[in-house]
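Coordinate inspection notes
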Amino acid sequence: MARAQPPLWLTTPSRFAAFNKRTAWLAAALLAILLAASLTALASPGPPPVSHDPAQRASDQADVMLYESIVAGVRGGGEYYAVTAQALRSGNYPLKPFVTFRLPTLAVVQAALPPQGVIVLLYLLAIAVMLAWFLRLRPAFARAPPLAIAMVLLAGGMMAFVQPELASFHEVWAGLLIALSLALRRRERWVEAVAIGMIAMLIRETAALYVGIMAVLAFAEGQRREALGWGAAIAVFAVVVALHAHAVGLVVKPIDPASPGWAGMLGFGFFVKTMSLSTALNLAPVWLAAILVALALFGWAAWDDDLALRALTVFACYAALLSLFGRTDTFYWGLMIAPTILIGLAFVPDGLRDLIAAILDRRRIIVTRMVR
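First, a word on scope: everything that follows refers to the structure included in this document. For every chain, the first residue of its written sequence is number 1, and the numbers climb from 1 along that sequence. Reporting in this predicted model follows two pLDDT cut-offs: at least 70 for local features of residues, and 80 or more for side-chain atom pairs to be given and counted; totals over whole chains, interfaces and linings ignore these cut-offs and use all residues. With hydrogens and water excluded, all non-hydrogen atoms of the structure serve as input to the side-chain values.

1. Remarks on the environment of Pro45
Counting from the N terminus, the helices are the DSSP runs of H or I reaching at least four residues and the strands are the DSSP runs of E reaching at least two. By secondary structure assignment, the location of Pro45 is in the loop between helix H1 (21–38) and helix H2 (57–60). Accessibility expressed as a relative area gives 37% for Pro45, which makes it partly exposed. Separated by 199 residues in sequence, Pro45 and His244 have C-alpha atoms that sit 33 Å apart. A simple rule labels every residue: compare its accessible area, found with a 1.4 Å probe on the protein chains alone, to the largest value its type can have, and call it buried under 20%, exposed over 50%, or partly exposed in between.

What follows is the structure, encoded as structure tokens:
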């Protein structure tokens, strides 16, 4: 085993510092595979380009305008399910199965608030995420500059989440809530994380994947009470979804179109592309953005902390979801995990140094001379 070296940025050695030479070579091979797989994003299809022409907003942001029209209809006194069914028909959207209807939580809340109040609430949530992660990451870094870099990376992941024109997008709110729940979760203090995770599910159903992961990991670690808490949140969500499905069935007609399905099978490269499109990496060339996404995942694997294990598991499961079921027009699913994924780049220096040190380690023979 390589000699332990003082951490570069972190307060404690990375996970790879404890690797022997064989395990380090295996980790290096997996990193090489990850980097190669990320470059498949160069050939992965993406959403149609945005024209940035205000006159073309109806085609550039069709989904955003759909949700805005639903909020406006509810604000005007309409019943949510009737308003949503009419909006979907007008926009030539499918109405079957029932999951094509978003849960009414976000639309009802936004309809009850003035438009500026919605923007203020979004900014407050974004600030809460930044503060929670600052407090969570501060003990992990030995000095202020690396911590500042980690916060800049967090801001880069949240670039799309502070755009007022996306305030009606369900993934924007759910993604921020997942990020906040992750930061607040502690082994001895998990109630707030569970409550925020349940709110995320009630806004966007795909947040149930995050809550399920947290329940499984808590159970695997022997945290029975916490696992029951996450399980109770899923049970409440299941009841809400059942009621939601019943309400949708009352407004859908037999002639309404059905969804073509979600078996996109676009592969890991599509996940990588969604991460670049959902974060500040959108400003970089595709090849560079792909490599940075892979390194961010590597960085999360390097941080020796139970939060890193949870975050990495969440990223991996959403990567599988996007790779198997995502379509080019559902790239915004990546917003569910975009806020925090780039933080992993702040753990790369320590992880890479420790991995290389373990690979280059040589057996040492100690000779002891005994004098009688």
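Additional details are given in the paragraphs that follow.
2. Let's talk about the pattern of salt bridges
The rule for a salt bridge is simple: a side-chain nitrogen of Lys or Arg has to be within 4 Å of a carboxyl oxygen of Asp or Glu. A complete count under the given rule lists 13 salt bridges for this structure. One salt bridge in this structure joins Arg136 and Asp306, with 3.7 Å as the shortest N-O distance. Pair noted here: Arg136 is in helix H6 (residues 115–137) and Asp306 is in helix H14 (residues 306–325), with a separation of 170 residues, a long-range link. For Asp306, a relative accessible area of 24% corresponds to the partly exposed category. With a shortest N-O distance of 2.9 Å, Glu192 and Arg189 are connected by a salt bridge. Take Glu192: its relative accessible area is 31%, and that puts it in the partly exposed class. Assessed through its relative accessible area of 51%, Arg189 is described here as exposed. Via salt bridges that share partners, Arg136, Arg185, Glu226, Asp305 and Asp306 belong to a single interconnected network.

3. Thoughts on the layout of surface pockets
In this analysis the probe radius is 1.4 Å and the grid spacing 1 Å, with only protein atoms considered; a cavity is a set of points the probe fits into but cannot get out of, a pocket is an open set with protein on both sides within 12 Å along at least five of seven lines, and lining residues have an atom within 4 Å of a point. Grid points are joined across faces, edges and corners, and a volume is the space filled by probe spheres set on the points. One number sums up the size of the second largest pocket: a volume of about 250 Å³. As for the second largest pocket, its lining consists of Phe16, Phe19, Thr23, Leu26, Ala27, Leu30, Leu31, Leu34, Leu297, Phe298, Ala301 and Leu312. Mapped by element, the contributors of at least two residues to the lining of the second largest pocket are H1 and helix H13 (286–302). Tallying contributions element by element places H1 first for the lining of the second largest pocket, with 6 residues. A breakdown of the residues in the lining of the second largest pocket according to their chemical character gives 11 nonpolar, 1 polar and no charged. Only Asp, Glu, Lys and Arg are considered charged in this grouping, and only Ala, Val, Leu, Ile, Met, Phe, Trp, Tyr, Cys and Pro are considered nonpolar; every other residue, Gly among them, is considered polar.

4. Description of the packing of helix H3 (residues 62–75) against helix H4 (residues 80–90)
In this analysis an axis means a line fitted to C-alpha atoms, helices contributing only their contacting stretch, and an angle means the value between N-to-C directions, from 0 to 180 degrees. Here H3 crosses H4 at 145 degrees, and the two axes come no closer than 9 Å. The handedness of the crossing between H3 and H4 is right-handed. Note on element contacts: H4 touches H3 through Tyr80, Val83, Thr84, Ala87 and Leu88, opposite Leu66, Ser69, Ile70, Gly73 and Val74. Of the residues contributing to the contact of H3 with H4, the split by class is 7 nonpolar, 3 polar and no charged. Note on convention: the crossing is left-handed when the near helix lies turned anticlockwise from the far helix by less than a right angle, right-handed when the turn is clockwise. It only takes one pair of heavy atoms within 4.5 Å for two residues to be counted as in contact.

5. Here's the deal with the nonpolar core
Within this scheme, the nonpolar core is defined by two criteria: the residues are buried Ala, Val, Leu, Ile, Met, Phe, Trp, Tyr or Cys, and they are joined through side-chain atoms within 4.5 Å. With 118 residues, the main nonpolar core has Trp133 and Leu137 as its most contacted residues. A per-element tally of this core places helix H8 (residues 170–184) first, with 10 residues.

6. Remarks on the side chain of His244
Structurally, His244 is set in helix H11 (residues 224–251). Exposure remark for His244: the relative accessible area of 3% places this residue in the buried category. We define a polar contact as two N or O atoms separated by no more than 3.5 Å, with the added condition that, inside protein, one atom must be a possible hydrogen donor and the other a possible acceptor, whereas residues neighbouring each other in sequence contribute only through side-chain atom pairs. Within polar-contact distance, the side chain of His244 engages the backbone oxygen of Phe101 at 3.0 Å. If we skip the residues at most four places from it in the chain, His244 touches Tyr81, Phe98, Phe101, Arg102, Leu103 and Pro104.

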